[in-house]
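Architecture at a glance
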Amino acid sequence: MPGKTFTLLSLFVSLLFLIGFSFSSSGDYTVRKYVGTKKCRKCHKSEKQGKQYQIWAESIHAQAYETLQTEEADQICKEMGYGEKAVEAKECLQCHASGWEVDEEMWGPKFKIEDGVQCETCHGAGGDYTKLKIMKKFEVAKAKGLIDLRDNVEEFCRNCHNPDSPTFAGFNFEEMWAKIEHPLPFRHKKTKTEEQ
Ligand code: HEC
Ligand code: HEC
Ligand code: HEC
Ligand code: HEC
């Protein structure tokens with residue numbers, strides 16, 4: 001099945017760029033430390049800020065690693081020829097977790113691979129962008145590794161929600177985004193009032 005191998009390999013490579021590395025404005029690739037969801041929680045849990053932490057913690061993404069620890073997952077993994085344990089197969093981890101692709105030295109003290117598809121899986125490794133001064137300036141944060149997701153959110157989701165997922169059953173973007181959306185209320189005031 002050379003075709004399949006090729007697809008997985010190219011997905012693997014594109015996810016490496018998506019997850020582990022970030023493209024800084026100067027054009028060089030930098031590997032940054034993962035700080036973990038607890039670090040983001042400090043500033044992203046209040047009502048005023050929009051409770052991004054709670055929204056994520058209650059989402060299925062937070063359980064994506066646990067899912068790999070089930071018998072069902074090991075069974076799929078074996079059938080596909082990736083080994084006995086799904087949590088040890090990069091072919092499964094690539095869509096179910098962060099941090100597996102870097103040396104563990106790049107894990108901060110609060111980072112947990114068990115957090116599955118976590119803040120930094122989508123927003124980029126936070127080692128250099130979580131200081132308040134940096135977070136407040138989008139362009140500066142981007143240069144420090146925050147990934148710009150403002151455009152093409154759907155295309156971004158489809159990096160994982162696609163037929164390369166062994167259990168793929170389709171992806172309705174509007175419906176799925178509504179389940180995990182976590183905006184900054186002060187930035188989206190207008191939309192909220194219009195909805196009421
Ligand atoms: C020291 C506090 C602090 C920490 C820690 C922090 N943030 Fe933030 N973050 C903020 C604040 C404040 C804003 C709103 C900035 C503004 O005023 O527009 C923000 C904005 C953001 C935005 C929106 C960026 C934009 O301008 O569109 C994202 C995404 C984000 N944070 C992700 C994260 C992630 C992921 C982590 C953990 C790796 C994290 N933050 C950790 C304070 C923090
Ligand atoms: C890094 C890979 C990855 C990315 C990127 C990703 N997801 Fe997921 N998503 C998953 C995995 C893995 C699961 C299944 C987790 C489980 O069942 O344990 C999932 C599950 C979900 C679910 C729950 C499924 C259901 O039927 O309710 C929703 C909703 C969802 N994702 C929405 C999104 C949206 C919206 C985006 C884009 C903003 C997105 N995802 C981006 C990997 C990803
Ligand atoms: C499955 C991918 C995914 C995960 C996991 C995720 N986010 Fe997001 N996040 C997005 C997308 C996509 C957007 C919308 C694009 C944007 O506004 O930047 C977004 C938007 C945001 C915003 C709001 C920006 C705004 O303008 O309103 C903040 C703040 C944020 N995320 C923080 C976090 C934090 C903190 C976590 C973890 C607790 C987290 N995100 C987990 C994908 C994700
Ligand atoms: C291309 C990304 C991707 C890859 C690679 C991937 N998954 Fe998933 N996985 C997902 C997504 C997204 C979901 C949510 C349901 C769906 O749309 O497939 C999911 C859901 C699951 C579920 C829950 C199914 C359910 O709904 O009950 C299991 C179990 C699972 N994956 C196991 C695995 C195993 C084992 C591997 C490695 C052989 C793997 N996945 C590789 C993206 C992926």
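Our subject in this report is the structure included herewith. (Residues numbered from 1 in each chain as written. Chains lettered and ligands numbered in written order. Predicted model: local features only at pLDDT ≥ 70, side-chain atom pairs only at ≥ 80, totals over all residues.)

Let's shift gears to the site of ligand 1. The full set close to ligand 1 counts 16 residues, and Cys40, Cys43, Cys119, Gly126 and Met135 are the nearest of them. At three residues, helix H7 (residues 119-123) tops the list of elements feeding residues into the shell around ligand 1. Here the shell around ligand 1 is built from residues that sort into eight nonpolar, four polar and four charged. (Near = placed C-beta within 6 Å. Helix = DSSP H or I, 4+ residues; strand = E, 2+ residues; numbered from the N terminus. Nonpolar A, V, L, I, M, F, W, Y, C, P; charged D, E, K, R; others polar.)

Another aspect to go through is the site of ligand 3. Surrounding ligand 3, one finds 22 residues, the nearest of these being Trp56, Cys119, Cys122, Pro183 and Leu184. Where the shell around ligand 3 is concerned, the elements lending two or more residues are helix H2 (37-41), helix H3 (52-57), H7 and helix H10 (153-157). In the shell around ligand 3, the residues fall into 11 nonpolar, nine polar and two charged.

Moving on: the environment of Val35. Mapping Val35 onto the fold places it in the loop between strand S2 (29-31) and H2. Accessibility expressed as a C-beta count within 10 Å gives 21 for Val35, which makes it buried. Remark: the alpha-carbon pair of Val35 and Lys110, spanning 75 residues in sequence, is separated by 6.1 Å. In contact with Val35, not counting residues within four places along its chain, are Gly108, Lys110, Phe111, Gly126, Gly127 and Thr130. (Buried ≥ 20, exposed ≤ 12 C-beta atoms within 10 Å, placed from the backbone. Contact = placed C-beta atoms within 7 Å.)

Moving on: the nonpolar core. Grouped together as the largest cluster of nonpolar side chains are 12 residues: Ala64, Tyr65, Leu68, Ala73, Cys77, Ala86, Val87, Ala89, Cys92, Leu93, Ala97 and Val117. Secondary structure elements with two or more residues in this core: helix H4 (64-68), helix H5 (71-79) and helix H6 (90-96). If one sorts the elements of this core by residue count, H4 sits on top with three residues. The residues touching Ala73, leaving out its near neighbours within four places in the chain, are Thr67, Leu68, Ala86 and Cys92. (Core = buried A, V, L, I, M, F, W, Y, C linked by C-beta atoms within 7 Å.)

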